[in-house]
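For reference, the chains in residue letters:
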Amino acid sequence: MSPVHTSSDVQPAHAAGRLLWPADRLRAKALDVRRDIVTLLARSQTGHTGGPLSCADFGAALFFHELNVNPADPAWPERDFWHFSIGHVTPVIYSLMAERGYFPLADLMQFRSFAGHLQGHPSHHDTPGIEVSSGSLGQGLSVCCGVALAARLDQHPRRVYCVMGDGEQQEGQIWEAAMFAGHAKLDQLCGIVDCNRKQIDGDVEQVMGIQPLADKWRAFRWNVVVCDGHDVDAVLAAFAAARAHRGQPTVILAQTVMGQGVSFMADDYRWHGKPPKPDQAEHALRELGTSYAEWSARLLADRGDAAAGAGAAPQDDR
Amino acid sequence: MSPVHTSSDVQPAHAAGRLLWPADRLRAKALDVRRDIVTLLARSQTGHTGGPLSCADFGAALFFHELNVNPADPAWPERDFWHFSIGHVTPVIYSLMAERGYFPLADLMQFRSFAGHLQGHPSHHDTPGIEVSSGSLGQGLSVCCGVALAARLDQHPRRVYCVMGDGEQQEGQIWEAAMFAGHAKLDQLCGIVDCNRKQIDGDVEQVMGIQPLADKWRAFRWNVVVCDGHDVDAVLAAFAAARAHRGQPTVILAQTVMGQGVSFMADDYRWHGKPPKPDQAEHALRELGTSYAEWSARLLADRGDAAAGAGAAPQDDR
Amino acid sequence: MTAITLPAQVEMKKTREGFGRALVRLGELDPRVVVLVGDLSESTMVNFFAEQFPDRFFQIGIAEQNMTGIAAGLAAMGKIPFFATYGAFASCRAADQLRVTVAYTNLNVKIGGAHGGISVGPDGATHQAMEEISIIRAIPNMSMIVPCDYWETYKATLAAAKHPGPVYLRFGREDVPVVTDEDTPFAFGRGEVFAEGSDLTIVACGVMVYEALRAREALEERGISARVVDLHTVKPIDAALIERCARETGAIVTAEEHQVNGGLGGAVAEVVVKTHPAPVEMVAVMDRFGQSGKPAELMDAFGLRARDIVAAAERVLPRKTARA
Amino acid sequence: MTAITLPAQVEMKKTREGFGRALVRLGELDPRVVVLVGDLSESTMVNFFAEQFPDRFFQIGIAEQNMTGIAAGLAAMGKIPFFATYGAFASCRAADQLRVTVAYTNLNVKIGGAHGGISVGPDGATHQAMEEISIIRAIPNMSMIVPCDYWETYKATLAAAKHPGPVYLRFGREDVPVVTDEDTPFAFGRGEVFAEGSDLTIVACGVMVYEALRAREALEERGISARVVDLHTVKPIDAALIERCARETGAIVTAEEHQVNGGLGGAVAEVVVKTHPAPVEMVAVMDRFGQSGKPAELMDAFGLRARDIVAAAERVLPRKTARA
Ligand SMILES: Cc1ncc(C[n+]2csc(CCOP(=O)(O)OP(=O)(O)O)c2C)c(N)n1
Ligand SMILES: Cc1ncc(C[n+]2csc(CCOP(=O)(O)OP(=O)(O)O)c2C)c(N)n1
Ligand SMILES: [Mg+2]
Ligand SMILES: [Mg+2]
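The sections below set out a description of the structure shown in this document. (Residues numbered from 1 in each chain as written. Chains lettered and ligands numbered in written order. Predicted model: local features only at pLDDT ≥ 70, side-chain atom pairs only at ≥ 80, totals over all residues. Heavy atoms only, no water.)

### Focus on the site of ligand 2
Rule in force here: Only heavy atoms are used to decide nearness, and a residue is near a molecule or strand if one of them lies within 4 Å of it. Whenever two N or O atoms come within 3.5 Å, that pair is a polar contact, provided that in protein one can donate a hydrogen and the other can accept it, and provided that, for residues adjacent in sequence, both atoms are side-chain atoms. All accessibility values rest on the Shrake-Rupley procedure with a 1.4 Å probe; residue burial counts only the protein chains present in the view. Secondary structure follows DSSP: runs of H or I at least 4 residues long count as helices, runs of E at least 2 residues long count as strands, and numbering of each begins at the N terminus.
As a structural note, the neighbourhood of ligand 2 is formed by 23 residues, with B:His88, B:Asp166, B:Asn196, B:His272 and D:Glu64 the closest of them. The backbone of B:Leu137 places a nitrogen or oxygen atom 3.0 Å from a nitrogen atom of ligand 2. Contact with the protein chains hides 99% of the accessible area of ligand 2, taken as 590 Å² for the molecule alone. Among the elements of the structure, strand E4 (198-199) of chain B together with helix H4 (87-93) of chain D are those that each provide at least two residues to the shell around ligand 2.

### Notes on the coordination of the magnesium ion (ligand 4)
Residue and element names in this part refer to chain B. Let me state the cut-off plainly: Note that water is not among the atoms considered, so a metal site may appear incomplete; the donors listed are N, O and S atoms within 2.8 Å of the metal, with 3.2 Å applied to Na, K and Ca. Relative accessible area decides the class of each residue, using a 1.4 Å probe on protein chains only: under 20% of the type maximum gives buried, over 50% gives exposed, and in between gives partly exposed.
For the magnesium ion (ligand 4), the full set of protein donor atoms is Asp166 (OD), Asn196 (OD1) and Lys198 (O), at a range of 2.1 to 2.2 Å. Along the chain, the residues donating to the magnesium ion (ligand 4) fall in the pattern D-x29-N-x1-K. Of this pair, Asp166 sits in the loop between strand E2 (160-165) and helix H5 (172-184) while Lys198 sits in strand E4, and the two are 32 residues apart along the sequence. Since its relative accessible area comes to 3%, Asp166 is described here as buried.

### So, the site of ligand 1
Our working rule: Gly falls in the polar group here, along with every residue not listed as nonpolar (Ala, Val, Leu, Ile, Met, Phe, Trp, Tyr, Cys, Pro) or charged (Asp, Glu, Lys, Arg).
Every one of the 23 residues lining ligand 1 counts as a neighbour, but A:His88, A:Asp166, A:Asn196, A:His272 and C:Glu64 are closest to it. At the site occupied by ligand 1, the surrounding residues belong to chains A and C. Note that an oxygen atom of ligand 1 is positioned 2.7 Å from one of the side-chain N or O atoms of A:Asp166. Taking A:Glu168, its main chain carries an N or O atom lying 3.0 Å from an oxygen atom of ligand 1. Isolated, ligand 1 exposes 580 Å² of accessible area, and the fraction of that covered by the protein chains is 99%. When contributions to the shell around ligand 1 are tallied by element, the ones reaching two or more residues are strand E4 (198-199) of chain A together with helix H4 (87-93) of chain C. Tallied by class, residues from the shell around ligand 1 come to six nonpolar, ten polar and seven charged.

### Regarding the sheet that holds strand E10 (residues 200-204) of chain D
Residues and elements named next belong to chain D. What counts, and what does not: At least two DSSP bridges between two strands are needed for those strands to be called paired. Note on geometry: axes are C-alpha line fits, over the in-contact stretch for helices, and angles between N-to-C directions span 0 to 180 degrees.
The five strands are arranged E9-E11-E10-E13-E14 in an open sheet whose pairing can be described as mixed. Of all the strands in the sheet, just strand E9 (192-195) and strand E14 (280-285) have a single pairing partner and so form its edges. On average, adjacent strands in this sheet sit at an angle of 25° to one another, irrespective of strand direction. Sheet analysis places E10 next to strand E11 (residues 226-230), joined by five bridges and oriented parallel. Following the sheet pairing, Val203 is matched in E11 by Val229.

### Things to note about the pairing of strand E7 (residues 250-255) of chain B
All names here are of chain B. Counting buried residues along E7, five of its six residues qualify, which places the element largely inside the surrounding structure. With six bridges connecting them, strand E3 (residues 189-195) and E7 associate as parallel partners. Residue pairing for E7: Asp194 is matched across the bridge by Ala254. When strand E6 (residues 223-228) meets E7, the two strands line up parallel, connected through six bridges.

### A closer look at the coordination of the magnesium ion (ligand 3)
Binding of the magnesium ion (ligand 3) to the protein goes through A:Asp166 (OD), A:Asn196 (OD1) and A:Lys198 (O), at separations of 2.1 to 2.2 Å. Donor residues for the magnesium ion (ligand 3) sit on one chain with the sequence pattern D-x29-N-x1-K.

### Some remarks on the interface of chain C and chain B
Inclusion rule: Contacts are assigned to residue pairs that have any heavy atoms within 4.5 Å of one another. Two parts lose some accessible area (1.4 Å probe) when they are put together, and adding that loss for both gives the buried area. Within this document, salt bridges are pairs made up of a side-chain nitrogen of Lys or Arg and a carboxyl oxygen of Asp or Glu, the two lying within 4 Å of each other.
Listed as interface residues are 27 residues of chain C and, on the opposing side, 30 residues of chain B. Interface of chain C and chain B: buried area, both sides summed, is about 2,200 Å²; carbon and sulfur atoms make up 61% of it. On the chain C side of the contact with chain B, C:Asn66, C:Met77 and C:Tyr104 bury the most area, a combined 26% of that side's loss. For the pair chain C and chain B, the number of links is one salt bridge.

### A short note on the environment of B:Gln155
Following the sequence through the fold, B:Gln155 ends up in the loop between helix H4 (140-153) and E2. B:Gln155 sits 112 residues away from B:Arg43 along the chain, and the two C-alpha atoms are 45 Å apart.

### A closer look at helix H8 (residues 232-244) of chain B
Residue and element names in this part refer to chain B. Under the convention used in this document: Here the expected span of a helix is defined as 1.5 Å times the quantity of residues minus one. This arc is taken over the directions from the axis of the helix to the C-beta atoms.
Helix length check: H8 (13 residues) gives 18 Å between terminal C-alpha atoms against 18 Å at 1.5 Å per residue, within 8%. Buried within H8 we find Val232, Val235, Leu236, Ala238, Phe239 and Ala242. Buried residues of H8 fall within an arc of 160° about the axis and therefore sit on the same side. The backbone nitrogen of Asp233 lies 2.9 Å from a side-chain oxygen of the residue at the head of H8, namely Asp231.

### Observations regarding the interface of chain C and chain D
At the junction of the two partners, chain C supplies 48 residues and chain D supplies 48 residues. Interface of chain C and chain D: buried area, both sides summed, is about 4,200 Å²; carbon and sulfur atoms make up 57% of it. The largest contributions to the chain C side of the interface with chain D come from C:Arg99, C:Val273 and C:Phe289, which together make up 18% of the buried area. The interface formed by chain C and chain D contains six salt bridges. Across the contact surface, chain C and chain D share 24 residue pairs in polar contact (both at pLDDT 80 or more). Within the residue set of the side of chain C that touches chain D, elements represented by two or more residues are H4, helix H5 (95-104), helix H6 (132-138), helix H10 (264-275), strand E14 (280-285) and helix H12 (306-323) of chain C. Residue composition of the side of chain C that touches chain D, by class: 23 nonpolar, twelve polar and 13 charged.

### Some thoughts on the relation of the copies chain C and chain D
Under the convention used in this document: Superposing the copies works by least squares over the C-alpha atoms of residues that have pLDDT at least 70 in both of them.
Rotating chain C by 180° and moving it 0.0 Å along the rotation axis overlays it on chain D with an RMSD of 0.0 Å. Seen this way, the second copy is the image of the first under a two-fold rotation axis. Nearest to the rotation axis, the C-alpha of C:Gly262 is located 2.2 Å from it, this being the minimum over chain C. Both copies share a contact surface, since 100% of the interface residues of chain C are interface residues in chain D too.

### Considering the nonpolar core
One recurring pattern in soluble globular proteins is that nonpolar side chains are buried together. For clarity, the threshold we go by: Nonpolar cores are built from buried Ala, Val, Leu, Ile, Met, Phe, Trp, Tyr and Cys residues. Side-chain atoms within 4.5 Å join them into one set.
The biggest cluster of nonpolar side chains holds 184 residues, and the ones touching the most others in it are A:Trp217 and B:Trp217. B:Trp217 has contacts with B:Leu141, B:Met164, B:Gln169, B:Ile174, B:Trp175, B:Ala178, B:Trp222, B:Val224, B:Val251 and B:Leu253, leaving out every residue within four places of it along the chain.

Laid out in structure tokens, this is it:
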């Protein structure tokens, strides 16, 4: 193992790719993301609904405040690295990417279709900006350890963010990676666990209890921050704490609710893997302050001519 | 998951197969086991030395006091289940089995040979009494969870013992099994970790730190007992505590020294996987109060006509 | 030989449902049968068993390695455990556990691998298991069955429980044509001739058996007589039947919803070159990953249709005469 | 065609040492090359690299799944990671990680799988990896090389670094005859004809190339002319060469220290039946687990010697004429 450099030894990031949006704008973006999720699922009639909705708020905070990226140049050398180990939440991943400008919003309407480039699970081969494919649970944190290790080797200040699921914590590979990152003191690495308390077969604590989860991560030598995953102020504070912490990786245990934002989906595990039927989607979108007609039109209107929402170039929107 | 019965609900074991030896006899047996290990390795000139020597004392306590087994009938329905997840420590496993009467001591002299039935790693196909093969690290605790689950299903009081290594704690499957056993409250299950602080490439804490290990097991909902793995009184107390504990599985973190018992092997990771050369073996056996000539003769003399050392039948030696 | 003739309207049903129903039957027949699942109760349809026999049903969560080992421990204690997850994870995520703990010990563990093949559809490549045959064939002591429809899956599941030792069962995700019925003969390890023919033999497994029967009809119209073999058991392989087909028809087309390397086509090729060398064309996934799409779209795009079998037949026949 | 003639006294050397030495060379040539190991530094001989380039050497401990994923992350950032462990764990313990994270993403990860084959010896079955070829062949985007000796392993390791995408390298444990030298041509993906012959072709990989050359000598004495092909790259396979050998010599014997199902023999059989059907006999491990013993004892007992290749040649020749 190479001698340990903590990120304190290296230069601060060239952060031109961070949007640093304030909480109110993030809340508005998170609402758009939820509208995107429901709309694209209503269109595809296949895919996961519950997890994507629980990731929407901290996801917006990650993409529109925290991450230093350049959607116009996904391989921008200065970029931070982000990875969803829970590949099944593609609706929120693709929405965040499109809203951030990686590709046109209109592409969301081809989710999971043979024609489109948005696969059911993230595919590096198909989608610009997806750096490593995922979909088999438990593998992503190891990938992020490798990325953080490369950054340390190159004395690069890049930060590395890995989104995991709470059911996913049952995979042993997560704990192999946790042990490695704690041992190697990878403080450029930040894990985020979407603690929505549900998985496919029901309540996580009934299926296979993962509690006490904070004790587990601490016992694997991580810095642990617990926060309300739907309160963007709390999420921003958690990100700041992670960024400031030296000598240990940080895991943010984001307390969320599966299906958050739609009354009849909230906290119901049966929404893990099914899309809303057209009438359910209409109902959901009404709760989210729009309609399928309106929102699908907004998505289809963006064919990439102008960068969508928050723009592509790093300097944009500072 | 079936409704949880803890072993307190079921009848106490028919314990005719427990030897319940006192500490002094166990210490004497542990010495014999060390002599066996060095002698059979001197003969085979292939195999692992360090780990087997660190397991000798708690191994003797397990086989000659704690376990309810019938070597004459390895499938005895009342038996406890024991399993070495660290399959590479076959020298101590086979010595304990032979000394306990599973097969003649003379067989030890054919360790790892094409002709004999004692494979380099435990093989159910080849060796009577080996119930499940091992040799790929990290898999054994899952097997023992299955055995404990079967016992609960059958309302059988069988106790289940799984010996693990400290380097082996780096395998994620260990933590999958730990999570399951804690969740299912498998209190018939007892794990024993040979904490000899070494693995192939050196110190465990340098290769891939597993500490704080007790905190990890506690965070996975296990009862944790830490003891000196070379002090048989302490080991017996730990076994008693595990047996008495209800509602949780227990793990015994046995603090040991790799190569314990031989001055020039003790605490040296380079003895993990190599056998002693003839002169080294002679030197080691002298330290252990015998010689290769004397001890190999003792082993070869036992061809199974009479049951060796502590006998085969459950009633024997009470 | 069991002649199968397809009606115009074929009933559609999921193979995995045959698995789920058979498990319930086994639960009634044998108290030793227990079922484990890795957070996929409905997808693998073990929920039927869970409802009937909650005490003998074990939820393991998302931990396929552990599930494999727990099944091994249950088997070591005399149970007959069936564990279920997606084939991608049953075959790959726990391959070492299958090899060492299950197969080397030769424990009586049964594996239900759902969602095999490109027809898994919109989930995409990660969830389209197409390597299981190659992996399981390589591991000693393992057996493997790839049933063609609901009824064959039902029978294969019962047969797996009877067969001592580890058995891997592969299912698809979609409704597929029911080409057999409750009385169609099924024997572990024995291929079934579903249609006689003299010009070539189509050896298929899984849903491709239906495509093979359709291909046979199309070939018949062109005056080509194709024999159709349902080779449900891919390991141990029915070498005698394959040799006979190679000898009697002189050409073979294999059809599988699986990677071309080391799968059914490879298994047949191995038998053919060792017994009666004959030209073989393979209809399979050509060593590429899958993608999202509708199952039907993907079966078309990946060349797994009756017409692809017909095309392969037309490629193989001239090669045959060239050698005659 | 590179004629290889064996001296009476052949130098003996470990293939894995060629890997270890080549890694050091790569370390000098390319700063992107990094090495990972799972608590097996000496067995895999990556300790040479560790001593020279401690900053680019990563000890992962006993966690093969994690090691595979970490290598993937390093590759995603432009490094050229080589990770090393025993083949049993490189191929089986992390098969799902290889499939999804490494192969599906098509990352530039190189895998060093040591201790392949029955000649691993006294450690016994669990440590004798004999399924890797079948598993790796089934996974799209993967390449695999099974070098025959020290020098070929050295060259294969350098070639793997040059080849974009995931490459699996398989080594043995023991000293094996050095049949090539520093100048023997080696090209990724291309089989080498090591000896011309007209009656049959022996296609071999790994240590079996040496046994094939010895078998050729024995056959020559009996007036049989055997061509010997070193098929070091088992994926992608050199189909053109195999077809040519099938056509020109009309019979093939394959030789591998690996399970017979889906390995080198299977790969060759697949090419043969698709191109030029010819009789093939396979010298391999016959779908059984290994056991403890001296490497030489086991090579004898499992039928992996020159004499076994000779016997296979004598079985295949009459089958050839029978079809002529
Ligand atoms: C290795 C593996 N096993 C099983 C699956 C099937 N699967 C997909 S999502 C999921 C549940 C994940 O639970 P969680 O991490 O809590 O995500 P959430 O349901 O909250 O979205 C499962 C079992 C998989 N994708 N990968
Ligand atoms: C899955 C797996 N990876 C690697 C190995 C090779 N190996 C055998 S023993 C060992 C070290 C084990 O360390 P520890 O558990 O501390 O046992 P000890 O060295 O103390 O005997 C390793 C890496 C293995 N047998 N299985
Ligand atoms: Mg969840
Ligand atoms: Mg140790």
